[in-house]
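Structural description and commentary
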Amino acid sequence: MPLTAATRQGMSPAVVVAMLVLMLGIQPVTTDLYLPSMASLPGALGTTVGAAQLTLSVLIICFGVAQLVCGPLADRFGRRPVLLIGLAIYTVASVLAALAPTIGWLIAWRGLQGAAMAAAVTGGRSIVRDLFEPQEGARVMSKALGGLGTIALLCPIIGGALMQWFDWRVSFVAVALFGAGALAFVAWRFEETVPQRNPDATRLAPLWRNWKQIVRHPTFVAYTLLLSSTYGGLFIILAASSFVYIDVLGLSRWAYGVVLASNSAAYIVGTVLCRHLLTRRGLRATVALGGGLSLSGGVLLAGLSLAGAHAWSVWTIIVPLWLYSLGHGIHQPCGQAGAVGPFRDKAGTAASLSGFCMMVTAFLIGLWLGWSLNGTVFPLTLGVAAFSVVVAGVAWTLVQRHGDPQHGALRAA
């Protein structure tokens, strides 16, 4: 389905995609840019590896919980006011994080940053459903996520360079500048897209009914499980890779940034592959192929790491992760469009629930990594392998049975 008439009057398709890139790209900026400095936090702030890990885990859980609030707020008041307020708070929280005197304050400001980030990401996912039918939305989302992948590719390189030349605080200054730029662009170009404001969206009784209707829908369940499992593997890569590559394998922070960027490059290729496959094979077949890529990467990763410590190297880890990232580049746009597909009248609420499930998964992984990182590659390699099995299982079963977006949309209507 093409852009709505209201949007054609105010925003071109290029502006819509650019807007989505900024809204969705704020997540890798918030996580990936500071990953090269994460391993230095224990020494810089006199704390532990577990406490440093909390700067990511608390960000994620606050991001997840806040989505449950931001989605209904966007359905009630519109996307624009929620985006503007959220991005303003995000920018201020980023500046405060750069000035944090202790690890406790840094964790606190990261939590506020995560809560504010929810407004941008939930808004972006909702806008796709405001303007497009599900299959077209998946193609548009793949374009936006290709831009997100470019941001994710650059962030660890920039973060590594900043750590080489400055310290961890400058990373948060860079994050604040991105937030301010996104805020300015939204204020300048974004036109409201919500089809009709829902005054009952934030009332508890209707909200509870909406949640129950959404979580019981088989299409939502299938795509949310796909999103949560593929993101679970990615989050292990994000949260554990700096300790594995730098502390275990001995890479410099700049080299680590380059290695992590190569995963993002594979992800971008996955989003491009996704667009071509959607046109030629349809949504469910595309997801099934992505499941095969994810599983092959995970199995290869586990096998090579279990071969013995003498076989551990950057190449035995990074090549399988490229395969997993290719699959992730397929599953993210398909999953995000599919999860909100049946719910045009409450896309914000559906996007917030799927995002919440993803972030709960990430938070639990963060807690597990806090005590499982042990100076070996196994928390990274076996963790990603385990999630690759789940991804393939969901892609080959639930999505094949319940993943037709047109069928889901008709049922919901």
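We now turn to the structure provided with this report. (Residues numbered from 1 in each chain as written. Predicted model: local features only at pLDDT ≥ 70, side-chain atom pairs only at ≥ 80, totals over all residues. Heavy atoms only, no water.)

A short note on the overall build of the chain
- Across its full length, the chain carries 18 helices and 0 strands.
- For the C-alpha atoms alone, the extent of the chain along its principal axes is close to 55 × 45 × 40 Å.
- For the chain, buried positions account for 60% of its 413 residues.
- Contacts in the chain between residues far apart in sequence, at least 24 positions, make up 87% of those at least 6 positions apart.
- Each charge class in the chain can be summarised by its mean position, and for the 25 positive and 12 negative side chains these summaries are 4 Å apart. (Helix = DSSP H or I, 4+ residues; strand = E, 2+ residues; numbered from the N terminus. Buried < 20%, exposed > 50% of the residue type's maximum accessible area, 1.4 Å probe, protein only. Contact = heavy atoms within 4.5 Å. Lys, Arg positive; Asp, Glu negative; His and termini not counted. Charge placed at Lys NZ, Arg CZ, Asp CG, Glu CD.)

Let's talk about empty space enclosed by the protein
- Within this structure, the stated rule accounts for 2 cavities of 30 Å³ or more.
- If you trace the largest cavity, you find 24 residues lining it, with Pro28, Leu148, Ala152, Leu234 and His328 closest to the centre.
- Broken down by secondary-structure element, the contributors of at least two residues to the lining of the largest cavity are helix H2 (13-32), helix H7 (103-131), helix H8 (134-165), helix H11 (218-248), helix H12 (253-281) and helix H14 (314-340).
- Of the residues contributing to the lining of the largest cavity, the split by class is 14 nonpolar, 8 polar and 2 charged.
- When its volume is computed, the second largest cavity comes out at roughly 30 Å³.
- What lines the second largest cavity is Leu301, Ser305, Trp312, Ser313, Thr316, Ile317, Val377 and Thr381.
- Secondary structure elements with two or more residues in the lining of the second largest cavity: helix H13 (283-305) and H14.
- Of the residues contributing to the lining of the second largest cavity, the split by class is 4 nonpolar, 4 polar and no charged. (1 Å grid on protein atoms, 1.4 Å probe; cavity = no way out; pocket = protein on both sides within 12 Å on 5 of 7 lines; lining within 4 Å. Points joined across faces, edges and corners; volume = space filled by probe spheres on them. Nonpolar A, V, L, I, M, F, W, Y, C, P; charged D, E, K, R; others polar.)

Side note on the pattern of salt bridges
- Per the stated rule, a full pass over the model turns up 2 salt bridges.
- The partner of Arg79 in a salt bridge is Asp75, and the shortest N-O contact between them spans 2.8 Å.
- We classify Arg79 as buried; its relative accessible area is 1%.
- Given a relative accessible area of 3%, Asp75 falls into the buried group. (Salt bridge = Lys/Arg side-chain N within 4 Å of Asp/Glu carboxyl O.)

What to know about helix H6 (residues 79-98)
- For H6, spanning 20 residues, the distance from its first C-alpha to its last is 29 Å, which sits close to the expected 28 Å at 1.5 Å a residue.
- For H6, every residue scored as buried is listed here: Arg79, Val82, Leu83, Gly86, Leu87, Tyr90, Thr91, Ala93, Ser94, Ala97 and Ala98.
- Buried residues along H6 sit against H2, helix H5 (49-77), H7, helix H9 (168-189) and helix H15 (347-372). (Expected span 1.5 Å × (residues − 1).)

Focus: the packing of H11 against H12
- The contact between H11 and H12 brings their axes to 10 Å, and the two run at 140°. Between H11 and H12, the angle falls in the class oblique. H11 and H12 meet at a crossing whose hand is right-handed. Residue-level contacts link Ile237, Leu238, Ser241, Ser242, Tyr245 and Ile246 of H11 to Arg253, Tyr256, Val259, Leu260 and Asn263 of H12. (Axes fitted to C-alpha atoms, helices over the stretch in contact; angles between N-to-C directions. Parallel < 35°, antiparallel > 145°, perpendicular 65-115°, else oblique. Left-handed = near helix turned anticlockwise from the far one by under 90°.)

The values are spatial; any link to function lies outside them.
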